[in-house]
Every structure is written in C-alpha cells, then in structure tokens.
Amino acid sequence: MLKCLREKHPYLYCALAVVLFMAVMMAGQFLFSVAVVLLGPAGLIQLFDSEPYLLQAVSELFALLAPLFLLWRTGAFRVFTRRGTGFLDGMLVGMFPFVQLCLTLSLNVGIVGPPEGAVPKAVWRVVVFLVTMFLIGLAEEALFRGVIARTLLEHCGSSRAGIWKAAVISGLMFGAGHAINILESSPTGVLIQMCITASLGILYAAIYYRTGNLWVVVFLHAYQDAAALINSGLYDGTQGIAEAVSSYDFTMLYAVALYLIPTVILLRKSRLPEVAIFSEVEPLQPAPQPQSEI
C-alpha cells in the first residue's frame, strides 16, 4: 500500500510522511512524559527536570521511528548503507555549509559566549546535548532527505528542471515541518525559522543529490544545530530551542541567500550528471565517474 501510494501519489505520500513524523514525535513525548510522572521514581523525574535536552532526545527517538517505518515498508533501508561518494569526499561537496558552521561555532563560543552568571553544565549533560543534536539530525534527515527528497527526485527525474523541482519542494516541506514550533515559540520567530530552514533544506537536498550519502547531511544537520545552540548545551541560564526561535528577527533572513547561493553552485549544469549516478532514476546522458571536487 505504501509503495503504491509513493509511486502514484508522491506529493501526498511526502506530505503524509511529515504528518506521521510530527504525530509520532508528539504522541511519543506525551506518553513518555505521562509514564515518567505516573510510574517513574522521583529521581527519574528530577533527572528529566534538570536536563531538558534529555526529553528532547527521547522525542527524537520516537520521531525517528516514522522514517524508519516508511523506509522499511518501501524497501529503501539501503539509504543508510549507500556510500555514494564516500563520507570524506561528500564533505568536500558540503564544504560551503561546513566552513560556515565552523565560523558560527567559533563566533558563539569565542565571541558571543554565555551570558553573565551562566553556570557550566556537568559533563554528562553536555553529552546529552550532543547526543540530542545528533538524533535531531538523524531523524530529520532520514525523513526529509532519505524519504522525501529521494521520493521527489525519483518522481521528477534527473533533468535539470526535475532535480531543481525535487530540491525546492523537499526544502519547502522541511521549512513547513518547523511550523510545529509555534506551540512553544513566537509566531514571528517561527515564520522566520521556516523561511531559513526551507532554504537550508534545499541546500541539504542538493548535497544529498550530489553525494548519494545520507550520513553527510546527517552530520551537517547535527553540526548546524550544535553550533547554533552550543551555549545552551554547555551552560545553564542560557536560551533553549524555544527561546532561541522566539528571538529570531527579520535581519536573520540573510541566511536564505547564504544557503541558496551554494545551492546554485552545487546544482550547476556541469555537475548535474553526478546526481544521476547516485539517484535511482535513469540518467539523461552518460554520467562521468564521481569526483571529489566541489
């Protein structure tokens, strides 16, 4: 049934995949929280109260079940084992966002730093933060690139228009998926975040199409979140995810251009044959061997 829906109605399939992802995440978090309060010892409740990222990690584990189920039922679990270009060569393709993320991390740690009076967290809490960032990257990339971007590419084809159409639509779905943050953050902040993440999703789709390696975008996504939230992961008394989104203002929309410019470079005409190498659609022309250059 899922295979049939994916083949005949790919856009509906992708939209329902996002709905399933959000529903499983929210239901899992709610049921787990209720179970901890009703059945868990007082020490366990205090543990989750002391480190909010711990509950976020649990939520992402539940959310991950949705793309895993979809990939399993459609026979596409191989997205986790396909090497494509290989990870290191894939990181050369993703060098633009990687360098930008290194600069963001340096800025947040070395210049912005924690607010006055912030208290360093215990090591185990920092580890929880890093694990949570990885799980966010894994869950969202498994869905938005492994399920959605791949489905749309197979549907739209490996022509220049088809590749761009698949990348843009998957990116817009990625941005729309962040509308769920309206439950905890300001509407303006969420709207700005949706615009930024939509452009970021287009860039990640381009990197995934060029590399055929899901782990490259998982790493970049996890690094993106960790770099943006590093101070909240290292110190108490700093902004969490909800507060950070609420603080977004329109000056941050420069990031849209920051993500779309390298996308245009990555999906330039001379490099599009590489997409056909790693996709499951027929190439329109003989494809050269993949190269490690950007």
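Throughout this document, residue positions are counted from 1 along each chain, in the order its sequence is written. Given that this is a predicted model, residues contribute local features only at a pLDDT of at least 70 and side-chain atom pairs are listed and counted only at 80 or more, while totals for whole chains, interfaces and linings are drawn from all residues. As a rule here, side-chain values come from all non-hydrogen atoms in the structure, and water together with hydrogens is ignored.

### Examining the nonpolar core
The biggest cluster of nonpolar side chains holds 59 residues, and the ones touching the most others in it are Val 147, Ile 148, Ile 207 and Tyr 209. Among the nonpolar cores identified, the runner-up in size contains 13 residues, and Leu 54, Val 58, Phe 129 and Ile 230 belong to it. Among buried residues, those of type Ala, Val, Leu, Ile, Met, Phe, Trp, Tyr and Cys that are joined through side-chain atoms within 4.5 Å constitute a nonpolar core. The cut-offs for exposure are 20% and 50% of the maximum accessible area for each residue type, with area from a 1.4 Å probe on protein chains only; residues under the lower value are buried, those over the upper are exposed, and the others partly exposed.

### Here's the deal with the pattern of salt bridges
The working definition used for a salt bridge is a side-chain nitrogen of Lys or Arg within 4 Å of a carboxyl oxygen of Asp or Glu. This structure, assessed with the given rule, holds 8 salt bridges. In this structure, Glu 141 engages Arg 145 in a salt bridge whose closest nitrogen and oxygen atoms are separated by 2.7 Å. Here Arg 145 and Glu 141 lie together in helix α7 (residues 123-156), a separation of 4 residues that amounts to about one turn. Each member of the pair, Glu 141 as well as Arg 145, carries the same accessibility label: buried. Ionic pairing is found between Arg 210 and Glu 274, a salt bridge with its closest N-O pair at 3.2 Å. With Arg 210 in helix α9 (residues 187-211) and Glu 274 in helix α13 (residues 272-278), this residue pair connects regions lying 64 residues apart in the sequence. Exposure remark for Glu 274: the relative accessible area of 2% places this residue in the buried category. One network of salt bridges, in which partners are shared, links Glu 51, Lys 121, Arg 125 and Asp 236. For helices the rule is a DSSP run of H or I covering at least 4 residues; for strands it is a run of E covering at least 2, with both sets numbered from the N terminus onward.

### Remarks on the packing of helix α2 (residues 10-39) against helix α4 (residues 52-73)
Relative orientation of the contacting elements α2 and α4 amounts to 145°, with a least axis distance of 8 Å. Of the two possible hands of crossing, α2 and α4 adopt the one that is right-handed. Seen from α2, the contacting residues are Tyr 13, Ala 17, Leu 20, Phe 21, Val 24, Met 25, Gly 28, Gln 29, Phe 32 and Ser 33; seen from α4, they are Leu 55, Val 58, Ser 59, Glu 60, Phe 62, Ala 63, Ala 66, Pro 67 and Leu 70. Taken together, the residues of the contact of α2 with α4 sort by class into 14 nonpolar, 4 polar and 1 charged. Lines fitted to C-alpha atoms define the axes, with helix axes restricted to the stretch in contact, and inter-axis angles between N-to-C directions lie between 0 and 180 degrees. With the far helix as reference, a near helix turned anticlockwise by less than a right angle produces a left-handed crossing, and one turned clockwise produces a right-handed crossing. Throughout, a contact is declared for two residues whenever any of their heavy atoms are within 4.5 Å. Amino acid classes used here: Ala, Val, Leu, Ile, Met, Phe, Trp, Tyr, Cys and Pro are nonpolar; Asp, Glu, Lys and Arg are charged; the rest, including Gly, are polar.

### With respect to the environment of Leu 61
Relative to the helices and strands, Leu 61 is located in helix α4. Since its relative accessible area comes to 45%, Leu 61 is described here as partly exposed. Put simply, Leu 61 and Met 25 are 36 residues apart on the chain and 8.0 Å apart in space, counted from C-alpha to C-alpha.

### Some points on the packing of aromatic side chains
The description of an aromatic ring pair rests on the distance of the ring centres and on the angle between the ring planes. Two rings from Phe, Tyr or Trp (for Trp, the six-membered ring) form a pair when their centres sit within 6.5 Å of each other. Planes less than 30 degrees apart are called stacked, planes more than 60 degrees apart edge-to-face, and all others tilted. Per the counting criterion, the structure on display carries 12 aromatic pairs. Charge-over-ring placement is defined geometrically: NZ (Lys) or CZ (Arg) within 6 Å of the ring centre, and within 35 degrees of the ring normal. In this structure, Arg 73 packs its charged tip against the face of Trp 72, placed 5.2 Å from the ring centre. Looking at Arg 145, its charged tip hangs above the ring of Phe 174, at a distance of 4.5 Å from the centre.

### A closer look at helix α10 (residues 214-234)
Take the number of residues in a helix, subtract one, and multiply by 1.5 Å to get its expected span. For α10, spanning 21 residues, the distance from its first C-alpha to its last is 28 Å, which sits close to the expected 30 Å at 1.5 Å a residue. Along α10, the sharpest change in direction is near 60° and occurs at Ala 228. For α10, the buried fraction is high: 17 of the 21 residues fall into the buried class. Two or three places before Trp 215, at the start of α10, stands the capping residue Asn 213, its side-chain oxygen 2.9 Å from that residue's backbone nitrogen. Note that the bend at a residue is defined as the angle between axes fitted to the seven residues ending at it and the seven residues starting at it. Contacts described as polar in this section are N or O atom pairs within 3.5 Å, which, within protein, must combine one atom able to donate a hydrogen with one able to accept it, while residues neighboring in sequence count only if both atoms come from side chains.

### Brief notes about a nonpolar patch on the surface
Patches in this entry comprise residues that are over 30% relatively accessible and not in a salt bridge; like charges within 9 Å are linked, as are nonpolar side chains (Val, Leu, Ile, Met, Phe, Trp, Tyr) within 5 Å. Residue burial considers only the protein chains on display, and all accessible areas are found by Shrake-Rupley using a 1.4 Å probe. Where nonpolar side chains cluster on the molecular surface, the patch consists of Phe 30, Leu 31, Val 34, Val 37, Leu 38 and Leu 39 and spans about 680 Å² of accessible area. Relative to the helices and strands, Val 37 is located in helix α2. Given the relative accessible area of 56%, Val 37 is considered exposed.

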